[in-house]
Amino acid sequence: MKKFAVAALVLASSFAYADRSVEELYPKSCTMCHAQAVAGAPKTHDAAAWQPRVDAKGIDGLVQSAKTGLNAMPPKGMCNDCTDGEFKALIEFMVKPAS
Ligand code: HEC
């Protein structure tokens, strides 16, 4: 029984450090502004709004500017504990045109 509890604990803590999914993070952070183009935010899945930014900076450059903030875009976009990998996944999700 004790062994099982230890194994469960190890398993739970390793999950806590894994990248969280876009489905989990997006509704809690970026959606507030990017779903409606608030304050000039490029709208999620609006390729015309995103493409010039992707062309100018690349996805990695956009990860950097999401972390530092840009004008009305707050640093880290309300996801203070997001990792670089999580920002990248969120941005790739928003950049992708609606199908
Ligand atoms: C409080 C509103 C707000 C939230 C929340 C927000 N953004 Fe933004 N975001 C903006 C605005 C406004 C801009 C446009 C800034 C500009 O170009 O002046 C922007 C622009 C961006 C850009 C383009 C930056 C560039 O260099 O062109 C990226 C990437 C981005 N946001 C990612 C995110 C991510 C990822 C999240 C969620 C973790 C997020 N944003 C949450 C308002 C927000």
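Details of the structure are given in the entry above.
What you see is a predicted model; the values in this text were computed from it and never measured.

**Q** Hey, could you go over the site of the ligand for me, with residue numbers and the actual values?
**A** With respect to spatial proximity, 28 residues lie near the ligand, and among them Cys-30, Cys-33, His-34, Lys-57 and Met-73 are the closest. For the ligand, an oxygen atom lies 2.7 Å from a polar atom in the side chain of Arg-53. With respect to the ligand, the side chain of Ser-65 contributes an N or O atom lying 2.6 Å from an oxygen atom. More than half of the atoms belonging to the ligand lie within 2 Å of the grid points that define the largest pocket. Element by element, the count of residues in the shell around the ligand is highest for helix 4 (residues 47-68), at 6 residues. Looking at the shell around the ligand residue by residue, the class counts come to 19 nonpolar, 6 polar and 3 charged.

**Q** Talk me through the layout of surface pockets; I want residue IDs and the actual numbers.
**A** Space inside the largest pocket adds up to approximately 480 Å³. Those elements that provide at least two residues to the lining of the largest pocket are helix 3 (31-34), helix 4 and helix 5 (84-95). Of the residues contributing to the lining of the largest pocket, the split by class is 20 nonpolar, 6 polar and 3 charged.

**Q** I'd like a description of helix 4, backed by residues and values.
**A** Over its 22 residues, helix 4 runs only 23 Å from end to end, short of the ideal 32 Å by more than 12%, given 1.5 Å per residue. The axis of helix 4 is deflected most strongly, by about 95 degrees, at Gly-58. Here helix 4 has its buried residues at Trp-50, Val-54, Ile-59, Leu-62, Val-63, Ser-65 and Ala-66. Turning to helix 4, the residues buried within the fold contact helix 3 and helix 5. Backbone geometry just downstream of helix 4 places Gly-69 in the positive-phi region, at approximately 90 degrees.

**Q** Can you lay out the pattern of salt bridges for me, pointing to particular residues and giving the numbers?
**A** If you walk through the whole model with that rule in mind, you get 5 salt bridges. Notably, a salt bridge pairs Asp-81 with Arg-20, separated by 3.4 Å at the nearest N-O pair. Of the two residues, Asp-81 sits in the loop between helix 4 and helix 5 while Arg-20 sits in the loop between helix 1 (2-17) and helix 2 (22-25), which places them 61 residues apart along the sequence. Using a relative accessible area of 52% as the deciding quantity, one classes Asp-81 as exposed. A network of salt bridges, in which partner residues are shared, links Arg-20, Asp-81 and Glu-86.

**Q** Before we move on, can you summarise the packing of aromatic side chains with the specific residues and values?
**A** Enumeration according to the criterion identifies 1 aromatic pair in this entry. Taking the centre distance of 4.9 Å and the plane angle of 65 degrees together, the rings of Tyr-26 and Phe-93 count as edge-to-face. Taken as a pair, Tyr-26 in the loop between helix 2 and helix 3 and Phe-93 in helix 5 lie far apart in primary sequence, 67 residues in all. For Tyr-26, a relative accessible area of 11% gives the class buried.

**Q** Describe the coordination of the iron atom of the ligand, listing the residues and the values that go with them.
**A** Distances from the iron atom of the ligand to its protein donors, His-34 (NE2) and Met-73 (SD), fall at 2.0 Å. Considering all 6 donor atoms around the iron atom of the ligand, angles at the metal cover 87 to 179 degrees and the coordination shape is octahedral. Here the residue His-34 occupies a position in helix 3, and Met-73 occupies one in the loop between helix 4 and helix 5, the gap between them amounting to 39 residues. You can call His-34 buried: its relative accessible area is 8%.

About the cut-offs
- Residues numbered from 1 in each chain as written.
- Predicted model: local features only at pLDDT ≥ 70, side-chain atom pairs only at ≥ 80, totals over all residues.
- Heavy atoms only, no water.
- Near = heavy atom within 4 Å.
- Polar contact = N/O pair within 3.5 Å; in protein donor to acceptor, adjacent residues only side chain to side chain.
- 1 Å grid on protein atoms, 1.4 Å probe; cavity = no way out; pocket = protein on both sides within 12 Å on 5 of 7 lines; lining within 4 Å.
- Sits in = over half its atoms within 2 Å of the grid points.
- Helix = DSSP H or I, 4+ residues; strand = E, 2+ residues; numbered from the N terminus.
- Nonpolar A, V, L, I, M, F, W, Y, C, P; charged D, E, K, R; others polar.
- Points joined across faces, edges and corners; volume = space filled by probe spheres on them.
- Expected span 1.5 Å × (residues − 1).
- Bend = angle between axes of the 7 residues up to and from the residue.
- Buried < 20%, exposed > 50% of the residue type's maximum accessible area, 1.4 Å probe, protein only.
- Contact = heavy atoms within 4.5 Å.
- Salt bridge = Lys/Arg side-chain N within 4 Å of Asp/Glu carboxyl O.
- Phe/Tyr/Trp six-rings, centres within 6.5 Å; stacked < 30°, edge-to-face > 60°.
- Donors = N, O, S within 2.8 Å, 3.2 Å for Na, K, Ca; no water.
- Tetrahedral: all angles 85-135°; square planar, octahedral: opposite > 155°, others 65-115°.

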